[in-house]
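Inside the fold
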Amino acid sequence: MVAFFIFAQNEAYLKAVDDFLKRKLQERQEAGIYRELKPENDKIDFCSNDYLGFAHSAVLKQSIAHEVNSHPLSLNGSAGSRLLSGNIQYAEDLEQQIATYHQSEAGLLFNSGYDANLGLLSSLAQRGDTIILDELVHASIIDGARLSYANRYSFKHSDLESLEAKLKIAKGNCYVVIESVYSMDGDTPPLFEILNLTEKYNAALIIDEAHAVGLYPKGLVCELDLQQRVFARVITFGKALGGHGSIVLGSSDLRNYLINFARSFIYTTAASFHQLAAIKMAYQLLENSSEAIISLKNNIELFKQEVNTGENFTLLNSDSPIQCMILGSNEMAREAAKQLQMNNLDVRPILSPTVAQGTERIRICLHSFNTENELTLLAATLNKFILLHAR
Ligand SMILES: Cc1ncc(COP(=O)(O)O)c(C=O)c1O
């Protein structure tokens with residue numbers, strides 16, 4: 001009897017939870033923002049972050065296979081976290097090689113960029129400290145800051161006055177976090193001015209370079225020779241490097257600190273040998289990719305020349321592979337993406353709440369391997385859509 005009562009109570013509770021899930025999903029569907037996984041397609045790629053074509057490079061695939069095969073004793077999986085059985089000399093050597101490449105003293109690998117930002121921000125800032133974020137930083141940075149006990153502020157996107165206002169009220173150790181190429185707008189912040197401000201207020205600057213590496217081989221910080229003035233950099237391997245994982249670059253003290261305190265580093269299984277080999281080989285390929293980088297830059301220029309936004313729509317100001325056209329509503333963004341998809345062009349809409357209401361857009365990712373014909377088709381289809389919807 002007691003057992004039946006507990007079972008019935010449990011069943012009622014599970015039904016309540018299930019009802020909650022259904023209600024939340026229904027709300028999303030009604031708002032037109034329901035997320036679904038879609039299978040891969042063979043449309044022209046204007047969507048992936050594979051800026052230099054590394055993810056589908058046969059040359060890279062071969063060199064990874066060769067690297068794996070020439071380490072016959074390597075394991076299939078790491079079989080443990082780095083602090084227990086999962087560490088190998090190869091990982092430590094790779095960290096130092098990558099750090100040296102980006103002109104940093106040291107580096108620590110994480111399993112993803114998400115993990116890196118989570119571990120870095122949640123462990124660094126203590127109660128009484130302050131984290132100041134650009135309002136457009138990636139979700140992983142926001143989540144990392146949320147997991148810390150620090151005071152948190154955001155400043156208007158790349159706005160120096162707004163940043164300074166927050167720096168003036170910061171308490172304790174202060175960390176300012178920005179991206180060198182913003183993932184949703186594709187633009188670049190005024191790095192020199194931001195650095196001057198953070199130095200004026202003794203704040204440590206952290207820069208996420210996820211989308212900058214590739215366009216600038218070593219990232220924008222190295223490109224501008226600012227590496228000595230930046231406290232930490234996050235580099236991810238899932239974009240132009242065509243793989244998966246990330247590294248936090250900084251001092252040896254920062255590396256040791258993260259090994260001791262970053263929970264997303266400590267409590268997770270280390271990357272497999274295959275993943276490490278893929279990262280190492282991708283860096284070798286990057287050193288020989290000057291032609292691909294030139295093609296990427298040419299494609300960005302060509303696209304910007306050919307698109308004619310008219311008066312109603314804005315193409316965000318960006319010199320990066322991320323080109324966004326603001327369409328102002330979820331419906332319009334979805335409609336533009338649909339038209340492009342119908343022309344065999346893989347472009348996705350970015351809807352609110354992922355971006356602020358009124359800034360719903362299509363986000364176009366350009367690549368070194370996109371041909372002139374593909375770019376012309378993309379621009380012509382967009383121009384037609386713009387003309388059709390001109391008010
Ligand atoms: C700026 C930025 N940082 C971090 C990440 C997360 O990196 P990862 O995909 O390796 O988890 C992304 C991914 O979209 C990003 O755009």
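What comes next is a walk through the structure. Because the structure is a prediction, the values reported are computed rather than measured. (Residues numbered from 1 in each chain as written. Predicted model: local features only at pLDDT ≥ 70, side-chain atom pairs only at ≥ 80, totals over all residues. Heavy atoms only, no water.)

Near the ligand, the surroundings consist of 13 residues, among which G113, Y114, D208, H211 and K239 are the closest. Measuring from an oxygen atom of the ligand, one finds a side-chain N or O atom of H211 at 2.7 Å. Taking 390 Å² as the accessible area of the ligand by itself, protein coverage stands at 82%. For the shell around the ligand, the element with the highest residue contribution is helix 4 (residues 113-124), accounting for three residues. Tallied by class, the residues present in the shell around the ligand amount to two nonpolar, eight polar and three charged. (Near = heavy atom within 4 Å. Polar contact = N/O pair within 3.5 Å; in protein donor to acceptor, adjacent residues only side chain to side chain. Areas by Shrake-Rupley, 256 points an atom, 1.4 Å probe, with all protein chains shown as cover. Helix = DSSP H or I, 4+ residues; strand = E, 2+ residues; numbered from the N terminus. Nonpolar A, V, L, I, M, F, W, Y, C, P; charged D, E, K, R; others polar.)

In the structure shown here, the tally under the stated rule is seven aromatic pairs. Centroid distance F110 to F265: 5.8 Å. Interplanar angle 65°. Geometry classified as edge-to-face. Within this pair, whereas F110 is found in strand 2 (residues 106-110), its partner F265 is found in helix 10 (residues 263-266), the two being separated by 155 residues in sequence. We classify F265 as buried; its relative accessible area is 5%. Judged by centre distance (4.6 Å) and plane angle (40°), the ring pair of Y257 and F261 falls under tilted. Note that Y257 and F261 are positioned in helix 9 (residues 252-261) at a spacing of four residues, about one turn of the helix. For Y257, a relative accessible area of 24% gives the class partly exposed. Residue F261 is classed as partly exposed on the basis of its relative accessible area, which comes to 48%. In this structure an aromatic cluster arises from ring pairing among Y101, F237 and Y283. Above the plane of the ring of Y149 lies R127, whose end atom (NZ or CZ) is 4.7 Å from the centre. Sitting over the face of the ring of Y101, K218 holds its NZ or CZ atom 5.2 Å from the ring centroid. (Phe/Tyr/Trp six-rings, centres within 6.5 Å; stacked < 30°, edge-to-face > 60°. Buried < 20%, exposed > 50% of the residue type's maximum accessible area, 1.4 Å probe, protein only. Lys NZ or Arg CZ within 6 Å of the ring centre and 35° of its normal.)

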